[in-house]
Amino acid sequence: MLKKLDDLRQFLPDTKNPQKLVLVPSEDAHSIGAVARAAEEGIIEPILVGDREKTEGLAEVMKISLKGFRFYDEKDNIKAVRLGVKLIHDGEAEVLMKGKVGTSILLKAVLDKEYGLRTGKLLSHFALFEVETYHKLIGVTDVAMNIAPTLDEKIAILNNSVEIFNKLNVPEPKVAVLGAVEQVNTSMSATLDAALLSKMNQRGQIRNCIVDGPLAFDNAISLESARHKEIKSEVAGDTDLLLMPDIEVGNVLYKSLVFFAKAKVASMIVGAAAPIVLTSRSDSEQAKFDSILLAAATASR
Ligand code: COD
């Protein structure tokens, strides 16, 4: 059972031959710190795209050496993002990382039909949390890409995350599809989708996982709460993955876990031609490092 984000290290490929990671745009202190540490530990080989003068200035203040880092000097944010994405598209690197730029700007470049990283699959955001009060790592999706997913999109989001768990040797992750209540309420569309996803799982239309829903957040993560409400569920209290009804609920949960619960988090975009490290700009250097670790651990598998 994976309990700590540090446990992801066991899935890293050969550290003598690390994957190349492109940070774009590079002029961001927490990102430079995380990339430099990951490079030093042999987790990735860094490529920086961005304003070279600003990036080197930040590195100097942080007493970080960028010696030996491949660098593409590009001051314009949009051009830098396009160049970074194209490097992956052209096979020059294996992992993309968002630096100091808005999420939607990066995602629009990733979705570009000519030089982007489309695979024909839906792309989605996956976050993996280490919370002190929970007995194992817990995934949360989608808190940052798909705004108001349809039922079909929820199936794709679920499958993308299940694939990540399977890569991390969790062959049948337990998935809680969240609603505000644990009973189907015909006025709450999230509970209707949750019930359909559960039935599709029971009938073998969604595989390699155990899905239950609707579950409210408390009974998804607390067996005591589930027992109290007399809910019989294989998932309740032992959830590996929380499937969110929409981006707003997901984003608020993500930030509540980080800021109130002081949880550690690693996150990325999945379903693209390469993993994309995509953290919030306010995330810590540690969160960016752990996200690099998650991307590198799952990229090659
Ligand atoms: N996966 C695959 N293809 C997609 C996806 C996806 N998730 N989303 C859109 N596309 C394709 C569409 O099929 C279409 O071909 C093209 O991309 C454009 O689609 P639009 O017009 O619906 O999408 P955009 O370009 O307006 O927006 C896509 C974003 C991902 C940028 C948008 O959904 C978005 O802004 N998401 C939220 C990002 C955000 O602000 N997160 C903040 C939390 S930190």
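Residues numbered from 1 in each chain as written. Predicted model: local features only at pLDDT ≥ 70, side-chain atom pairs only at ≥ 80, totals over all residues. Heavy atoms only, no water.

Topic: the pattern of salt bridges
Part 1: Enumeration according to the criterion identifies 16 salt bridges in this entry.
Part 2: A salt bridge links D6 to R9, with the nearest nitrogen and oxygen atoms 3.2 Å apart.
Part 3: The network of salt bridges with common partners includes D6, R9, R37 and E41. (Salt bridge = Lys/Arg side-chain N within 4 Å of Asp/Glu carboxyl O.)

Examining the sheet that holds strand β9 (residues 241-243)
Part 1: One open sheet accounts for 11 strands, arranged β3-β2-β1-β4-β11-β10-β5-β6-β9-β7-β8; its pairing is mixed. At either end of the open sheet lies a strand with only one pairing partner, and these are β3 (70-73) and β8 (210-215).
Part 2: Relative to β8, strand β7 (residues 174-178) runs parallel, the two being bridged by four bridges. Considered in β8, the bridge of A176 is made with D212.
Part 3: Running over the sheet, helix α3 (residues 77-89) touches β1 (19-24), β2 (44-50), β3 and β4 (95-98) and is turned about 165° from β1. (Pairing = 2+ DSSP bridges. Helix = DSSP H or I, 4+ residues; strand = E, 2+ residues; numbered from the N terminus. Contact = heavy atoms within 4.5 Å. Axes fitted to C-alpha atoms, helices over the stretch in contact; angles between N-to-C directions.)

Some thoughts on the nonpolar core
Part 1: The biggest cluster of nonpolar side chains holds 53 residues, and the ones touching the most others in it are L21, V35, I43, L128, L158 and I292.
Part 2: A total of seven residues in this core trace back to one element, the largest contributor, which is helix α10 (residues 285-299).
Part 3: Two domains each provide a minimum of three residues to this core, namely domain 1 (7-118 + 272-299) and domain 2 (124-259).
Part 4: Beyond its immediate chain neighbours, meaning those up to four positions away, L128 contacts L5, L8, L137, I138, G139, F165, L168, K264, V265, A266 and L294.
Part 5: Judged by nonpolar contacts, the second largest core, of 48 residues, contains V81, L106, V143 and A220. (Core = buried A, V, L, I, M, F, W, Y, C linked by side-chain atoms within 4.5 Å. Buried < 20%, exposed > 50% of the residue type's maximum accessible area, 1.4 Å probe, protein only. Domains from an automatic or database assignment.)

Regarding the domain arrangement of the protein chain
Part 1: Taken as a whole, the protein chain is organised into domain 1 (7-118 + 272-299) and domain 2 (124-259).
Part 2: Distance between the C-alpha centres of domain 1 and domain 2: 29 Å.
Part 3: Every contact between the two is made by 11 residues of domain 1 and, on the other side, 12 residues of domain 2.
Part 4: When domain 1 packs against domain 2, the two sides together hide about 980 Å² of surface, and 71% of this comes from carbon and sulfur. (Buried area = accessible area lost by both parts, 1.4 Å probe.)

What to know about the packing of aromatic side chains
Aromatic ring pairs are reported here in terms of the distance separating the ring centres and the angle at which the planes meet.
Part 1: Using the criterion set out here, one finds two aromatic pairs in the structure.
Part 2: Ring centres 5.7 Å apart and planes at 90° place the aromatic pair F126 and F165 in the edge-to-face group. With F126 in strand β5 (residues 124-130) and F165 in helix α5 (residues 151-167), this residue pair connects regions lying 39 residues apart in the sequence.
Part 3: When its relative accessible area of 0% is taken as the criterion, F126 is described as buried. (Phe/Tyr/Trp six-rings, centres within 6.5 Å; stacked < 30°, edge-to-face > 60°.)

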